[in-house]
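# An overview of the molecular structure
Single-letter residue listing:
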Amino acid sequence: MLRIVAVLFAIVAVGLLGRDGLRAAETGTFAPQALGALWASLDRESLLLFEPAVTRYLDPSVWIYIVQPVLEAPAFLFFLGVALLFGALWLTFRQRRRRNLLD
């Protein structure tokens, strides 16, 4: 299951990087879309509700020092990072087959 999730996130990362690359070819400058901008284009209301939830239930410094920089990072890097995380978890926890000497 972890491997499937890792592959899906990697596919999304490659797709986003490809889209950013096509935009760079059109405009002449590489400006990848930020994760927050991608989220806002998909569902602005949930993004607007996320900040008050984080600041109310966790701490305002969590929003300032952790969440906000992640939302300002390129979206393809976020999805690539999550893919690498799930891939590493898969490699760590996969069950290895035991081979008998007679097989």
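Sequence positions are assigned chain by chain, starting from 1 and proceeding in written order. Local features in a predicted model are, by the rule used here, given only for residues with pLDDT of at least 70; side-chain atom pairs are given and counted only at 80 or more, and totals for whole chains, interfaces and linings are based on all residues. Only hydrogens and water are set aside; all other atoms, that is, all heavy atoms of the structure, feed into the side-chain values.

Moving on, we come to a nonpolar patch on the surface. Two distance rules govern patches: like charges are joined within 9 Å, and nonpolar side chains (Val, Leu, Ile, Met, Phe, Trp, Tyr) within 5 Å, applied only to residues with over 30% relative accessible area and no salt bridge. Each accessible area is a Shrake-Rupley estimate made with a 1.4 Å probe; only the visible protein chains count as cover when residues are assessed. Whenever a carboxyl oxygen of Asp or Glu lies within 4 Å of a side-chain nitrogen of Lys or Arg, that contact is scored as a salt bridge. Taken together, the side chains of Met1, Ile4, Val7, Leu8 and Ile11 make up a nonpolar region of the molecular surface, amounting to roughly 550 Å² of accessible area. Where helices and strands are cited, they refer to DSSP runs of H or I of at least four residues and of E of at least two residues respectively, numbered from the N terminus. Along the chain, the position of Met1 falls in the segment before helix H1 (2–27).

This paragraph deals with the nonpolar core. Core analysis: the largest hydrophobic core is formed by 13 residues, its most contacted members being Leu16, Leu71 and Phe79. The leading source of residues in this core is helix H2 (residues 35–57), at five residues. Working rule for contacts: check all heavy atoms of both residues, and any pair within 4.5 Å makes them a contact. Beyond its immediate chain neighbours, meaning those up to four positions away, Leu71 contacts Ala34, Leu35, Gly36, Trp39, Leu47 and Trp63. Residue types Ala, Val, Leu, Ile, Met, Phe, Trp, Tyr and Cys, when buried and joined through side-chain atoms within 4.5 Å, form a set referred to as a nonpolar core. Using a 1.4 Å probe on the protein chains alone, a residue whose accessible area is under 20% of its type maximum counts as buried, one over 50% counts as exposed, and one in between counts as partly exposed.

Another point: H1. To estimate the expected span of a helix, subtract one from its residue number and multiply by 1.5 Å. The terminal C-alpha atoms of H1, which comprises 26 residues, lie 37 Å apart, in line with the 38 Å expected from a rise of 1.5 Å per residue. Those residues of H1 that fall on the buried side of the exposure criterion are Ala6, Ala13, Leu16, Asp20 and Ala24. Its buried side turned inward, H1 meets H2 and helix H4 (75–93). Phi for Gly28, located one or two positions after H1, is positive at around 90 degrees.

We now examine the pattern of salt bridges. For the structure on display, the rule yields one salt bridge. Note that Asp20 and Arg19 form a salt bridge whose closest N and O atoms lie 3.6 Å from each other. For Arg19, a relative accessible area of 28% translates into the label partly exposed.

Attention now moves to the packing of aromatic side chains. Aromatic rings considered in pairs are described by the distance between their centres and by the relative angle of their planes. Stacked, tilted and edge-to-face are the three classes applied to pairs of Phe, Tyr and Trp rings, where Trp contributes its six-membered ring and a pair requires centres within 6.5 Å; stacked means planes under 30 degrees apart, edge-to-face means over 60, and tilted covers the rest. The tally for this structure, following the rule as stated, stands at five aromatic pairs. Consider the rings of Phe9 and Phe86, whose centres lie 6.0 Å apart with planes at 10 degrees: the pair is stacked. Separated by 77 residues along the polypeptide, Phe9 in helix H1 and Phe86 in helix H4 bring together distant segments of the chain. Their ring planes at 85 degrees and their centres at 5.4 Å tell us that Phe78 and Phe79 sit as a pair that is edge-to-face.

Glancing now at the environment of Ile11. Position of Ile11 relative to the elements: it lies in helix H1. Ile11 sits 65 residues away from Phe76 along the chain, and the two C-alpha atoms are 9.9 Å apart.

Take the side chain of Gln33 next. Relative to the elements of secondary structure, Gln33 occurs in the loop between H1 and H2. Taking the relative accessible area as the measure of exposure, Gln33 reaches 14% and is therefore buried. The residues touching Gln33, leaving out its near neighbours within four places in the chain, are Arg19, Asp20, Arg23, Leu38, Ser41, Ala73, Pro74 and Ala75.

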